[in-house]
There are 2 protein chains.
Amino acid sequence: MSRTFEFGDETQPVAETKDRILDAAERLFAGQGYAATSLRQITSEAQVNLAAVNYHFQSKDSLILAVLMRKMKPLERRRLELLDALEEAAGDGPLVLEDVLRALLVPVFERKAAGGGLSPFPQLMGRMYSEPGDWVLQIFKRAIAGVAARFLPALGRALPGMSRTEIAWGMHFSIGSMAHFLAAGVLLTHLSDGEADMSDGEAVVNRMVVFMSGGLRAMAESRKEAAR
Amino acid sequence: MSRTFEFGDETQPVAETKDRILDAAERLFAGQGYAATSLRQITSEAQVNLAAVNYHFQSKDSLILAVLMRKMKPLERRRLELLDALEEAAGDGPLVLEDVLRALLVPVFERKAAGGGLSPFPQLMGRMYSEPGDWVLQIFKRAIAGVAARFLPALGRALPGMSRTEIAWGMHFSIGSMAHFLAAGVLLTHLSDGEADMSDGEAVVNRMVVFMSGGLRAMAESRKEAAR
DNA sequence: GTCTATACGATGATAGAC
DNA sequence: GTCTATCATCGTATAGAC
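Everything numeric here is computed off the predicted structure, so don't read it as measured data.

Thresholds, definitions, all that
- Residues numbered from 1 in each chain as written.
- Chains lettered and ligands numbered in written order.
- Predicted model: local features only at pLDDT ≥ 70, side-chain atom pairs only at ≥ 80, totals over all residues.
- Heavy atoms only, no water.
- Near = heavy atom within 4 Å.
- Polar contact = N/O pair within 3.5 Å; in protein donor to acceptor, adjacent residues only side chain to side chain.
- Helix = DSSP H or I, 4+ residues; strand = E, 2+ residues; numbered from the N terminus.
- Nonpolar A, V, L, I, M, F, W, Y, C, P; charged D, E, K, R; others polar.
- Core = buried A, V, L, I, M, F, W, Y, C linked by side-chain atoms within 4.5 Å.
- Buried < 20%, exposed > 50% of the residue type's maximum accessible area, 1.4 Å probe, protein only.
- Contact = heavy atoms within 4.5 Å.
- Least-squares fit on C-alpha atoms with pLDDT ≥ 70 in both.
- Expected span 1.5 Å × (residues − 1).
- Lys, Arg positive; Asp, Glu negative; His and termini not counted.
- Salt bridge = Lys/Arg side-chain N within 4 Å of Asp/Glu carboxyl O.
- Phe/Tyr/Trp six-rings, centres within 6.5 Å; stacked < 30°, edge-to-face > 60°.
- Lys NZ or Arg CZ within 6 Å of the ring centre and 35° of its normal.
- 1 Å grid on protein atoms, 1.4 Å probe; cavity = no way out; pocket = protein on both sides within 12 Å on 5 of 7 lines; lining within 4 Å.
- Points joined across faces, edges and corners; volume = space filled by probe spheres on them.
- Buried area = accessible area lost by both parts, 1.4 Å probe.

**Q** What should I look at first to understand the protein's contact with DNA strand C in this one?
**A** Looking at DNA strand C, there are 15 residues lining it, with A:Thr17, A:Asn49, A:His56, B:Leu39 and B:Arg40 nearest. Taking the atoms of DNA strand C that fall within 4 Å of the protein, sugar and phosphate contribute 60% of them. The separation between a phosphate oxygen of DNA strand C and a polar side-chain atom of A:His56 is 2.5 Å. Secondary-structure elements contributing two or more residues to the surface near DNA strand C are helix 3 (50-56) of chain A together with helix 2 (39-46) and helix 3 (50-56) of chain B. Here the surface near DNA strand C is built from residues that sort into five nonpolar, eight polar and two charged.

**Q** When you look at the nonpolar core in this model, what are you seeing that I'm missing?
**A** Considering soluble globular proteins, one finds that nonpolar side chains tend to be buried as a cluster. In this structure, A:Leu63, A:Met72, B:Leu63 and B:Met72 are the most contacted members of the largest nonpolar core, which totals 156 residues. In contact with A:Met72, not counting residues within four places along its chain, are A:Phe121, A:Met125, A:Met128, A:Ile139, A:Ala143 and A:Ile144.

**Q** Quick question: what am I supposed to make of the relation of the copies chain A and chain B here?
**A** Put simply, the two copies of the chain differ by a rotation about an axis and a shift along that axis. After a rotation of 180 degrees and a shift along the axis of 0.0 Å, chain A superposes on chain B with an RMSD of 0.1 Å. With respect to symmetry, the two chain copies, as superposed, fit the operation of a two-fold axis. Using C-alpha coordinates, one finds that chain A approaches the rotation axis most closely at A:Gly215, a distance of 2.1 Å.

**Q** What is the right way to look at helix 1 (residues 17-32) of chain A in this model?
**A** All names here are of chain A. Relative to the 22 Å expected for 16 residues at 1.5 Å per residue, helix 1 spans 22 Å between its end C-alpha atoms, a close match to the ideal helical length. Looking only at helix 1, the buried set comprises Ile21, Leu22, Ala24, Ala25, Glu26, Leu28, Phe29 and Ala30. One or two steps after helix 1, the chain reaches glycine 33, where phi turns positive at roughly 95 degrees.

**Q** For this particular structure, what's the right way to read the side chain of A:Arg127?
**A** Mapped onto the fold, A:Arg127 is located in helix 6 (residues 121-128). For A:Arg127, which is buried and forms no salt bridge, the nearest opposite charge comes from A:Glu131, at a distance of 5.9 Å. Discounting chain neighbours no more than four positions away, the residues touching A:Arg127 are A:Phe29, A:Ala30, A:Gly31, A:Gln32, A:Gly33, A:Ala183, B:Ser130, B:Glu131 and B:Pro132.

**Q** Help me understand the packing of aromatic side chains in this model?
**A** Pairs of aromatic rings are described using the distance from one ring centre to the other and the angle between the two planes. Throughout the structure, instances matching the rule amount to 13 aromatic pairs over all chains. Note on A:Phe109 and A:Phe181: the rings are 6.1 Å apart at their centroids and 35 degrees apart in plane angle, and the pair reads as tilted. One end of the pair, A:Phe109, is in helix 5 (residues 97-113); the other, A:Phe181, is in helix 8 (residues 164-183), with 72 residues separating them in the sequence. Taken as a pair, A:Phe109 and A:Phe181 share a single burial class, namely buried. Among the aromatic side chains, those forming a connected cluster through ring pairs are A:Phe109, A:Trp169, A:Phe173, A:Phe181, A:Phe211, B:Phe109, B:Trp169, B:Phe173, B:Phe181 and B:Phe211. For A:Lys60, the ring lying beneath its charged end belongs to A:Tyr34, and the centroid distance is 4.7 Å.

**Q** Explain empty space enclosed by the protein here, please?
**A** The gaps of empty space that remain are located by a probe, the size of a water molecule, rolled over the atoms. Tallying each qualifying case throughout the model produces seven cavities of 30 Å³ or more. Its boundaries defined by the atoms lining it, the largest cavity holds a volume of some 90 Å³. Lining the largest cavity are 13 residues, and of these A:Ser130, A:Ala179, A:His180, B:Ser130 and B:His180 lie nearest its centre. Those elements giving two or more residues to the lining of the largest cavity turn out to be helix 8 of chain A together with helix 8 (164-183) of chain B. It is helix 8 of chain B that provides the largest number of residues to the lining of the largest cavity, a total of four residues.

**Q** What is the right way to read the pattern of salt bridges from this model?
**A** Any two side chains of opposite charge can pair, so long as their charged atoms come close to each other. Within the structure shown, the criterion is met by 27 salt bridges over all chains. Residue A:Arg70 pairs with A:Asp23 through a salt bridge whose shortest N-O separation is 3.1 Å. Linking A:Arg70 in helix 4 (residues 60-90) with A:Asp23 in helix 1, this pair joins segments that are 47 residues apart in sequence. Of the charged contacts in the structure, one is a salt bridge between B:Glu45 and B:Arg27, with a shortest N-O distance of 2.1 Å. In this pair, B:Glu45 sits in helix 2 while B:Arg27 sits in helix 1 (residues 17-32), placing the two residues 18 residues apart along the sequence. B:Glu45 gets classed as partly exposed once you look at its relative accessible area, which sits at 40%. According to the relative accessible area criterion, B:Arg27 is partly exposed, its value standing at 42%. A single network of salt bridges, built from pairs that share partners, joins A:Asp23, A:Glu26, A:Arg70 and A:Lys71.

**Q** What is the right way to read unusual backbone geometry from this model?
**A** Across the chain, the bulk of peptide bonds are trans and the bulk of non-glycine residues have phi less than zero. Residues and elements named next belong to chain B. Even without a glycine there, the phi angle at glutamine 47 is positive, about 60 degrees. Along the chain, the position of glutamine 47 falls in the loop between helix 2 and helix 3. Phi is positive for aspartate 193, close to 55 degrees, though the residue is something other than glycine. Its relative accessible area of 58% is what places aspartate 193 among the exposed residues.

**Q** Just checking my understanding: could you explain the interface of chain A and chain B for this structure?
**A** By a frequent convention, interface size equals the accessible area lost on bringing the separate parts together. On the side of chain B, 54 residues touch chain A, which itself brings 54 residues to the contact. Summing both sides of the interface, chain A and chain B together bury roughly 4,600 Å²; the carbon and sulfur share of this comes to 76%. Together, A:Trp169, A:Leu191 and A:Phe211 form the three largest contributors to the area buried by chain A at its contact with chain B, with a combined 18%. Residues A:Arg207 and B:Glu166 are paired through a salt bridge, measuring 2.9 Å at the closest nitrogen-oxygen approach. At the junction of chain A with chain B, the criterion picks out 10 residue pairs in polar contact (both at pLDDT 80 or more).

**Q** Any chance you could explain the environment of A:Phe29 here in plain terms?
**A** Residues and elements named next belong to chain A. Here phenylalanine 29 is to be found in helix 1. According to the relative accessible area criterion, phenylalanine 29 is buried, its value standing at 0%. The contacts of phenylalanine 29, once residues within four sequence positions are left out, are Tyr34, Thr37, Ile42, Lys60, Leu63, Ile64, Leu124 and Arg127.

This is the structure we're talking about:
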């Protein structure tokens, strides 16, 4: 249910208290980190009462869980959608590694590009992996485990001869590259003396796909050599 | 100056207040994260008064800065030492990419293996990259910028034809893989259904070197193709 | 069902006595 | 150098207004 102003020209829906809290929390968590952001900052920015957080969500932990799940669920859906299309097109034939990686990465940067300005969510998503605390594992189980369950076999199809465990290593390394880019892009600015252009999402994805596929293929080659 | 018990058989040096605080802080920061760890936890574990933290260090920010720099400085020295040896052995000839990456990674896992039990420091180091806050940039400037200044050209020598900016991208991706492994090893356990063995530091470094070198070489190849 | 006012214990930080 | 006392701010809980 979204309220609307019925009078005058104004017909824009007014975000409910709950959504205003989620929006403000997402922005602040992404910018300053989870622990460094106080509930009072959030409620002040969202223009709601402090106790409203404890009414709609029970705790700060549950709040960031809600913040993340709101965007992670559509992200998971889009990733699986792209992978479905890929597998349908491939039939019984092989999958192209680059295509699988693209299905994993593109939805993240679609969100980054959408909505005019940059969404703060991808940075928050990148940071979340290395954050301590119980809610991280809950996010994993609810929104990442499903993606992993589909993409691990898909990567296996694209990388014949690699064991499931070895693919898990490679996927872990790959996710690390992505997460670090999302969370710590500032460091790339320093590394490149400000020369790296991070604004073009498509170019970033292309570079990542090249790096990850190269790394994964090298791991597959390395196993073959070890077997010789 | 380290105090010693002068009487009886006991000649073990007793860690000073300052060091006891640093040790406790390192352990707790690594385990629970920076913001989630209270100064009262630290002083209680170190068996010192709360105000001692503010006497020896000024603030919580300065404390973690001291915690990190204490280990980052030797780490930086060791990395440059290995790179020095590599460049001396190579003379005017080419550098082997795998060797350069190894010089970057091995010191991190040396620390992880040293001292009997696992040091909590590498995990803290991995987490630090994606932590928001001013002290991250200070760490970068004081202990990482120097490493980058030497390893970026070295990677360039090992990857002829790649531009400095492109190498910065590749190094960023590589550091991300390492940081994510150090900070979020739990996720690999989930991805691999507990099959991935993370205890053997040398095997981990080997796998990382294969992945990173494969990724970097693929980026170099990709540039050549684009130039055609 | 929604939201608000208010209070409680714990935290980071500081000032000043010893 | 070390400690006690103190302060504003934090996350959380509850009682009650609409």
